[in-house]
Amino acid sequence: MIARELAFAVWVSLKTSGLAALIASAVAVPAALFLSGRDFRGKKIVLLVNQTWMAAPTVVIGLLFYSLLSRNGPLGGLGLLYTQTAMTVGQIFLILPLVVGFSYTALRQVDRRARQTALTLGASRRQAGWIVLREARFPLLVAVLAGFARAISEVGIAMMLGGNIRGATRNITTSIALETAKGEFRNGVVLGVLLLVITLGINILVQTGLRGRDGES
Amino acid sequence: MIARELAFAVWVSLKTSGLAALIASAVAVPAALFLSGRDFRGKKIVLLVNQTWMAAPTVVIGLLFYSLLSRNGPLGGLGLLYTQTAMTVGQIFLILPLVVGFSYTALRQVDRRARQTALTLGASRRQAGWIVLREARFPLLVAVLAGFARAISEVGIAMMLGGNIRGATRNITTSIALETAKGEFRNGVVLGVLLLVITLGINILVQTGLRGRDGES
Amino acid sequence: EDTPPNMAPAGAGRTLMLATTTSVDATGLLDVLADAFKADSGITLKWIAVGTGAALKQARDGNADVVIVHARKLEEQFLRDGFGVNRRVIARNYFMIVGPPEDPAGVASCRSAAEALGRIRSSGASFVSRGDNSGTHTRELELWALAGGKPEAAYLETGQGMAETLRVAAERRAYTLTDTATFYGLRGLAGLKPVSENAPEFENIYAVIAVDPARVPTARYGEAMSFIAFLTSPRGQRLIGTFQGQAGRPLFEPLAAVAGVDLAK
Amino acid sequence: MSGLVYRLKDIGYSYPYAPARFSLDLDSLEVPDGGILALVGPNGAGKTTLLMLLAFLLRPARGRLEFLGRDPWATDDAAVLARRDAVLLTHHPYLFKGTIGVNVAFGLKIRRLPEDEAGARVRDALALVELDGWEGKPVSGLSAGQAQRAAIARALALRPRVLLLDEPTANLDAALGLRMEAVLREAVHAWGTTVVFSTHNFSQASRLADSILYLSDGQRVEFSHENCYSGTASTDGRTSWIEPKPGVRIVFPGETRGHVTCVIDPAEIRLVAADGGGPVPSGPNVFRGRVSRMEAMDPDTALVRTSGDLVFRATLPLRALEAGGISLSREVLLTFEPGSVRVVGERPAEAREPS
Amino acid sequence: MSGLVYRLKDIGYSYPYAPARFSLDLDSLEVPDGGILALVGPNGAGKTTLLMLLAFLLRPARGRLEFLGRDPWATDDAAVLARRDAVLLTHHPYLFKGTIGVNVAFGLKIRRLPEDEAGARVRDALALVELDGWEGKPVSGLSAGQAQRAAIARALALRPRVLLLDEPTANLDAALGLRMEAVLREAVHAWGTTVVFSTHNFSQASRLADSILYLSDGQRVEFSHENCYSGTASTDGRTSWIEPKPGVRIVFPGETRGHVTCVIDPAEIRLVAADGGGPVPSGPNVFRGRVSRMEAMDPDTALVRTSGDLVFRATLPLRALEAGGISLSREVLLTFEPGSVRVVGERPAEAREPS
Ligand SMILES: Nc1ncnc2c1ncn2[C@@H]1O[C@H](COP(=O)(O)OP(=O)(O)OP(=O)(O)O)[C@@H](O)[C@H]1O
Ligand SMILES: Nc1ncnc2c1ncn2[C@@H]1O[C@H](COP(=O)(O)OP(=O)(O)OP(=O)(O)O)[C@@H](O)[C@H]1O
Ligand SMILES: [Mg+2]
Ligand SMILES: [Mg+2]
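Residues numbered from 1 in each chain as written. Chains lettered and ligands numbered in written order. Predicted model: local features only at pLDDT ≥ 70, side-chain atom pairs only at ≥ 80, totals over all residues. Heavy atoms only, no water.

Peer 1: If you had to explain the overall build of chain A to someone new, which residues and values would you point to?
Peer 2: In terms of regular secondary structure, chain A is built from 10 helices and 0 strands. When the helices and strands of chain A are listed from N to C terminus, the series reads α-α-α-α-α-α-α-α-α-α. Dimensions of chain A, computed from the C-alpha atoms along their principal axes, are close to 60 × 45 × 25 Å. Considering chain A as a whole, with its 217 residues, one finds that 60% of them fall into the buried category. (Helix = DSSP H or I, 4+ residues; strand = E, 2+ residues; numbered from the N terminus. Buried < 20%, exposed > 50% of the residue type's maximum accessible area, 1.4 Å probe, protein only.)

This is the structure in structure tokens:
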């Protein structure tokens, strides 16, 4: 694999999975905030569905969107199949329940008094919500990064919705799959290690950036 | 796919992933307890490595154990490649960081005073640890179930280490992959739905079993 | 190793591990062959379906006792390196070029594969390649060489198996080279039809190779040879020839029994 | 300013999942502008619950709650606006992660105070709780009292129209506790703040408050819970009695059985010096004790605590002390009419709940 | 039983990441068996820290801590065993999820008490805190005082050799607070328990404890922090003074500048009735006040609190009260020698920390 192709695959991985993690978190974190903040009828069912959704295999999500996006599917007109956008969309649906579940656990960690205290000091519901997020910011970050890790390491969706098209949608994991299919196991391992190194770098960057001086861990 | 084969695939999925979830949790939960209980030099690094490990693609873990277990590999003598044992081992390594991360977040949710209170009442370190686990039992259960969901839905390791051998290591996800490769998308989706229904059932069983009457969620 | 109680065949002692190219498995042929082989010899056939390259790698690593592949060059390398013995051709089918039903490049009228590819290149129509060093991909590259080189643009590499590549071609209204078995075995490819077939350079030959126990001591040579004998026997050849799969038409042409076709081919 | 800050009418509240049967029921409560109201009552009386209602954190299940003439629950926004005017300092307050400064500035930021004014307010508030210079310190690792001080400063910095405080001085050292009382009085004078606070410290309540609301079991009661004794009542048909200690009887009229609580209004207890030479009281309900504490409640009234078989609190005019020879450590006889014993909480013994 | 329960020698402890410079340093402390020791001191003095050391939750950074003649930190097991004998009730205690019964039984289960004995102990302990019948109630939704009671019961059920209590009565209503004091005394008599407790309630300390350890800034001090005044000292070279309030000076000898705290031992303050006809005291440090509270500390001593420009507490013999005509609400003059003012905490003003 030549350097330029490799760099491109890294870029595709980072872009699609980074976007997927951000967009999924933008939905999942508020959802988790809502769920963690109150008890309502049917909440257990929502949590159960979320927990079950985590078991959706990538191929199934891939198939689902494939049949939506394929030329003769309902959204075929968008021409999104085999694009990075399709990969991102599929990955969002893959990691959503993971980020919801992780964030929910993270937010339950916040003392219930935090919300209440914000309210007593004059905060609106929204502001109080922000406070709860702020109090849990480190474990929430871990939740988002876990979603990112899941997205960047998955191959089924990238394969089915991206198509592993060289120079367009080939990312690190589909490259690994290709090398493995070729019997070039060594290349596969090297690419895998590269993926881990990149993820490590991102984790360090993001975490040290946000952790700040209160040194919480 | 005939009913008998299907039943067998379900059995393989449940057995390998159930075992993987149990064994991984037996390691991950104590590790998370240790990490959440104290601050020590190097803890951040441990957490960072764990977080990064979450990004290890299934293929890479598959390749790793393939080279270990392959007949000419260091552990080739065990003859474990293409067995359910190999699948379980690979899945353990896949879900370990997820269960550690999730449990860590769950355990941080326990008031630090819980441990201390147990100690003041005469508990040994071990007993105090149990108390902390008990206080977080519901989110810990969610962590274990998340690990199970990840294991039962993954296909890369099952494929590489199990080999998708009919009547031996073919599980639900490798069946889905095979059906998809055959172009039998409908079969793939049906199998995927089956997988989700089974997971839902297990979640309901386990969660209602453990939740008891305090109705925490 | 676990097998469900109702699936455990009596006296299931001897097993054979096969690494195979995907088309033989995905069509369902191996299911038929394994059952018959079991009935004949009592040997349980287990197989892993991977690409030709990976199949040979598995064999080199000692994880398979026998391989079924279809990439002449890779096979020769495997034999030269001393890993394989007793290569026998067992079946063939044909490659063909498939493309959009309206055939924008006008390939249908071409008589040779090289001519057809040349048309595609000059018309600017898209072509999807597997790009995975598989047998099909190797053949495709050979054909492009005959046609004077690959196109610069409108040439997509999927790096995936045949089925996935066909789907990409259907989506993108592009041409691609496929084996007949996969194409006819696959459903839902309304967007593609064969546009060039039956040229002699399209022949696709499947071979079986035993792993040499001299090189890989753990290899179960006896069982491998039984399997090879079974495949090349009239019964085995008949099963291959009559197998129809989902497509409702024969997918493989038995070859071992055909006079004059053997190792030398 | 005059007028009412709160007007409550037939307010009712009970928790959906309560460990004990509890409901707060108030016929009417009016809190005048600029006043100081103390909530006094035993554990579980509903003080915290009432403060949460007044802070619009709990919504009354029934009845009318008016704040500054408006219904704070009319809309979601109304509750938020109302909360800006009525700031609650909760019991065992929560501090946001970060520094003390961040905490104290929190409400000011929400109110969008200009940075420099907010800074000055933060410093002022911290000075009031004697935490000057602690702005930059992280809140982790504060002692109980230090945390309480930071939370008090956080509420004071807002100079709110209404300050609601749940046991504000429970964790403070004695000196600062007194200082806080002065600060609250100061707030009333300087900013016209209305103060509602709960306390277990009866003398703090009478020292600081303009009026006291006694609560018990979610009800307004007209007596303090100071002279409360519980026991299983026996009866001879005409009168009944409990024995809070073996051999010590509190007698009251009527026929009563089961577990009851007897309450004696401190004003109904008469005190005479035991060796005063005067007539020795006789009849039921005479107890011997020793004066353990005397306190000036207001210019004319003294609160006297006696120890003995039972601890009693009695209020009497300052003059009566000298006239009766009642002084510290002196032996005294206490007496009250059987008729002035209030019997409350008559319940079957097995379902008994703490008073 | 006699002998020592704790023997501390040159103990030092400081937190790795503390918001304020703080270290606890005790030359020596001996806690006799069966005694009651009170820890008194301002917020942040180190009371909780000391209790944590005595409960073997914190390990001294240096010095020798002996418990029942052994080093509790010799091995991990030793600390666990020691903790079985010394049970700490923390400030704002944590209750385990579940019922009150589960909580109170917790320590008994760990000690493997037979089921029926444990059951009886749980019931007894709950009765002591007036929570009889609450065993099966979930801990969520308890009021502050109810939670505190449950935690007290949890500690009492163990009938430990040593009871360590951090502000045990802070959240209790007045009646139960007094009752708890009686329970603690009872525990000392009945089970030979040794009690160490912290409190901000000076009179509780003197009422209940055999001895009081005054702490300030992590140091043992020989004075209570009752008469403490802080300010920036001015000096004329020979004497110095602070003005806690404008126009009110506390004078002391020597040349001092910067922020200081002056402490006056309550025993060093003389009190005379303002209109008593006796000689009116003159010189520096004469203050006018009014007696706001009088309390019997022990059979011979009274604690008098006066309000006025400054609040003072003075202790004086009971006899002196009558002799001097000191009675409740009476105007008095207070005076003390400049030499009896202790000046502590001399620090540059900008690094000032609350006293
Ligand atoms: N966990 C901790 N980490 C860091 N510093 C701490 C911690 N706990 C207490 N401190 C600091 O140690 C000092 C003593 O605290 P401690 O809790 O012992 O005081 P205290 O006498 O109990 O006060 P209070 O009456 O307010 O409860 C304080 O300055 C406090 O800020
Ligand atoms: N969140 C809650 N959920 C259910 N019940 C509650 C809740 N909070 C309080 N209660 C119950 O309501 C009653 C009143 O509680 P509240 O906290 O108002 O009492 P309080 O007067 O503040 O007592 P304390 O002096 O002990 O703080 C108690 O019986 C308590 O058990
Ligand atoms: Mg309360
Ligand atoms: Mg403390």
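Peer 1: Outline the relation of the copies chain D and chain E, supporting the account with residue identities and numerical values.
Peer 2: For the pair chain D and chain E, the relating rotation is 180°, the translation along its axis is 0.1 Å, and the fit reaches an RMSD of 0.2 Å. Such a combination of turn and shift is consistent with a two-fold rotation axis. Scanning chain D for the C-alpha nearest the rotation axis identifies D:M294, at a separation of 2.5 Å. A share of 100% of interface residues in chain D that are also interface residues in chain E marks the association as one of identical surfaces. (Least-squares fit on C-alpha atoms with pLDDT ≥ 70 in both. Contact = heavy atoms within 4.5 Å.)

Peer 1: Talk me through the interface of chain D and chain E; I want residue IDs and the actual numbers.
Peer 2: Each side of the interface is counted separately: chain D has 56 residues, and chain E has 56 residues. Both faces considered, chain D and chain E share a buried interface measuring about 4400 Å² in area, 53% of it formed by carbon and sulfur atoms. If you look at where chain D meets chain E, you find 2 salt bridges. Applying the counting rule to chain D against chain E returns 16 residue pairs in polar contact (both at pLDDT 80 or more). At the level of elements, α5 (144–156), α6 (174–191), α7 (202–208), β15 (286–298), β16 (301–308) and α8 (318–324) of chain D are the ones that each hand at least two residues to the side of chain D that touches chain E. Here the side of chain D that touches chain E takes 6 residues from β15(D), the largest share from any one element. Here the side of chain D that touches chain E is composed, by residue class, of 23 nonpolar, 18 polar and 15 charged. Sheet topology note: the β15(D)/strand β15 (residues 286–298) of chain E ladder contains 3 bridges and is antiparallel. If you follow D:E295 over to β15(E), its bridge partner there is E:R293. (Buried area = accessible area lost by both parts, 1.4 Å probe. Salt bridge = Lys/Arg side-chain N within 4 Å of Asp/Glu carboxyl O. Polar contact = N/O pair within 3.5 Å; in protein donor to acceptor, adjacent residues only side chain to side chain. Nonpolar A, V, L, I, M, F, W, Y, C, P; charged D, E, K, R; others polar. Pairing = 2+ DSSP bridges.)

Peer 1: Describe a nonpolar patch on the surface, listing the residues and the values that go with them.
Peer 2: Nonpolar side chains collect at one region of the surface, where A:L19, A:L22 and A:I23 lie side by side and expose about 270 Å² of accessible area between them. Note that A:I23 resides in helix α1 (residues 3–37). (Patch = residues over 30% accessible without salt bridge, like charges linked within 9 Å, V, L, I, M, F, W, Y side chains within 5 Å. Areas by Shrake-Rupley, 256 points an atom, 1.4 Å probe, with all protein chains shown as cover.)

Peer 1: Please set out the site of ligand 2 residue by residue, giving values where relevant.
Peer 2: Neighbouring residues of ligand 2: 21 residues in total, closest D:K47, D:T48, D:T49, E:S143 and E:G145. Here an oxygen atom of ligand 2 sits 2.7 Å away from a polar atom, N or O, in the main chain of D:K47. Protein chains shield 89% of the accessible area of ligand 2, which is 640 Å² for the free molecule. Counting only elements with at least two residues in the shell around ligand 2, the list comes to α1 (47–54) of chain D together with α5 (144–156) of chain E. (Near = heavy atom within 4 Å.)

Peer 1: Tell me about unusual backbone geometry, residues and numbers included.
Peer 2: With phi around 55°, B:N164 is a residue other than glycine that occupies positive phi space. With respect to the element layout, B:N164 can be found in the loop between α8 (156–162) and α9 (172–181). Looking at B:N164, the relative accessible area reads 6%, which means it is buried. One non-glycine residue, D:L68, lies in positive phi territory at about 50°. Counting through the fold element by element, D:L68 comes out in the loop between β4 (62–67) and α2 (76–85).

Peer 1: Break down the site of ligand 1 for me, citing the residues and quoting the values.
Peer 2: Lining the immediate environment of ligand 1, one finds 21 residues, of which D:S143, D:G145, E:K47, E:T48 and E:T49 sit closest. At ligand 1, the nearby residues belong to more than one chain, namely chains D and E. In the model, an oxygen atom of ligand 1 is placed 2.8 Å from a nitrogen or oxygen of the E:G46 main chain. One nitrogen or oxygen atom from the side chain of E:T49 is found 2.4 Å from an oxygen atom belonging to ligand 1. Of all the secondary structure elements, the ones that give two or more residues to the shell around ligand 1 are α5 of chain D together with α1 (47–54) of chain E.

Peer 1: For the interface of chain C and chain B, give the residues involved together with the corresponding values.
Peer 2: Counting residues at the interface gives 32 residues for chain C and 26 residues for chain B. Summed over both partners, the interface of chain C with chain B comes to about 2500 Å²; 47% of that surface belongs to carbon and sulfur atoms. Here chain C and chain B share 3 salt bridges between them. A salt bridge links B:R71 to C:D65, with the nearest nitrogen and oxygen atoms 3.4 Å apart. At the junction of chain C with chain B, the criterion picks out 13 residue pairs in polar contact (both at pLDDT 80 or more). Elements with a contribution of two residues or more to the side of chain C that touches chain B: α1 (22–26), α2 (29–41), β2 (44–49), α3 (52–60) and α7 (162–172) of chain C. Of the residues in the side of chain C that touches chain B, the class split is 10 nonpolar, 8 polar and 14 charged.

Peer 1: So what's going on with the pattern of salt bridges? Residues and values would help.
Peer 2: A complete count under the given rule lists 60 salt bridges over all chains for this structure. In this structure, the salt-bridge partner of A:R166 is C:E157, at a minimum N-O distance of 3.0 Å. Taken as a pair, A:R166 in the loop between α8 (156–162) and α9 (172–181) and C:E157 in strand β6 (residues 155–157) lie in two separate chains rather than in one. Here C:E157 falls in the buried class, since its relative accessible area comes to 9%. Between D:E295 and D:R293 there is a salt bridge, with its nearest N and O atoms 3.8 Å apart. With a relative accessible area of 4%, D:E295 lands in the buried category.

Peer 1: Before we move on, could you go through helix α6 (residues 125–135) of chain A and cite the residues and values that matter?
Peer 2: Within α6(A), the full set of buried residues consists of A:A128, A:G129, A:I131, A:V132, A:L133 and A:E135. The secondary structure elements touched by the buried residues of α6(A) are α1, α4 (84–108), α5 (112–120) and α7 (137–153) of chain A together with α3 (100–110) of chain D.

Peer 1: Tell me about the arrangement of the chains, and name the residues and values.
Peer 2: By contact count, the dominant pairing among the 6 pairs of chains in contact is that of chains D and E. Chain A shows no contact with chain E. Their nearest C-alpha atoms sit 11 Å apart. Nothing in chain C touches chain E; the tightest C-alpha to C-alpha distance between them is still 43 Å.

Peer 1: Residues and numbers for the environment of D:R330, please.
Peer 2: Residue and element names in this part refer to chain D. Following the sequence through the fold, R330 ends up in the loop between α8 and β18 (331–335). Residue R330 is classed as partly exposed on the basis of its relative accessible area, which comes to 24%. In contact with R330, not counting residues within four places along its chain, are A273, D275, G289, R290, V291 and G325. Polar contacts involving the side chain of R330 include one to the side chain of D275, which spans 3.4 Å.

Peer 1: I'd like a description of the nonpolar core, backed by residues and values.
Peer 2: If you look at soluble globular proteins, the nonpolar side chains tend to sit buried side by side. Membership of the largest hydrophobic core comes to 328 residues, with the highest contact counts inside it found for D:Y6, D:L50, D:L164, E:Y6, E:L50 and E:L164. For E:L164, the residues in contact, after removing those within four places along its chain, are E:Y6, E:L51, E:L54, E:A55, E:A86, E:V87, E:L88, E:L89 and E:V196. Within the second largest apolar cluster, 56 residues are counted, among which are D:F252, D:F287, E:I242 and E:I269. (Core = buried A, V, L, I, M, F, W, Y, C linked by side-chain atoms within 4.5 Å.)

Peer 1: Tell me about α4(A), and name the residues and values.
Peer 2: All names here are of chain A. Look at α4: 35 Å from first C-alpha to last across 25 residues, which is about the 36 Å you get at 1.5 Å a residue. The largest bend along α4 reaches roughly 40° and is located at I95, with the proline P97 sitting one to four residues downstream. With 22 of 25 residues buried, α4 is to be regarded as a mostly interior element. (Expected span 1.5 Å × (residues − 1). Bend = angle between axes of the 7 residues up to and from the residue.)

Peer 1: Provide a residue-level description of the packing of aromatic side chains, including the pertinent values.
Peer 2: Scanning all chains against the criterion turns up 39 aromatic pairs over all chains. A ring pair is formed by A:Y66 and B:F185, whose centres lie 5.3 Å apart and whose planes are at 80°; its orientation type is edge-to-face. Separated into two different chains, A:Y66 in helix α3 (residues 58–69) and B:F185 in helix α10 (residues 185–211) make up a pair that spans both. Among the residues examined, A:Y66 registers a relative accessible area of 9% and is labelled buried. Residue B:F185 is classed as buried on the basis of its relative accessible area of 18%. Members of the aromatic cluster, joined through ring pairs, are D:Y229, D:F287, D:F312 and D:F336. Just above the ring of C:F83 sits the side chain of C:R215; from NZ or CZ to the centre is 4.3 Å. Above the plane of the ring of D:W134 lies D:K137, whose end atom (NZ or CZ) is 4.9 Å from the centre. (Phe/Tyr/Trp six-rings, centres within 6.5 Å; stacked < 30°, edge-to-face > 60°. Lys NZ or Arg CZ within 6 Å of the ring centre and 35° of its normal.)

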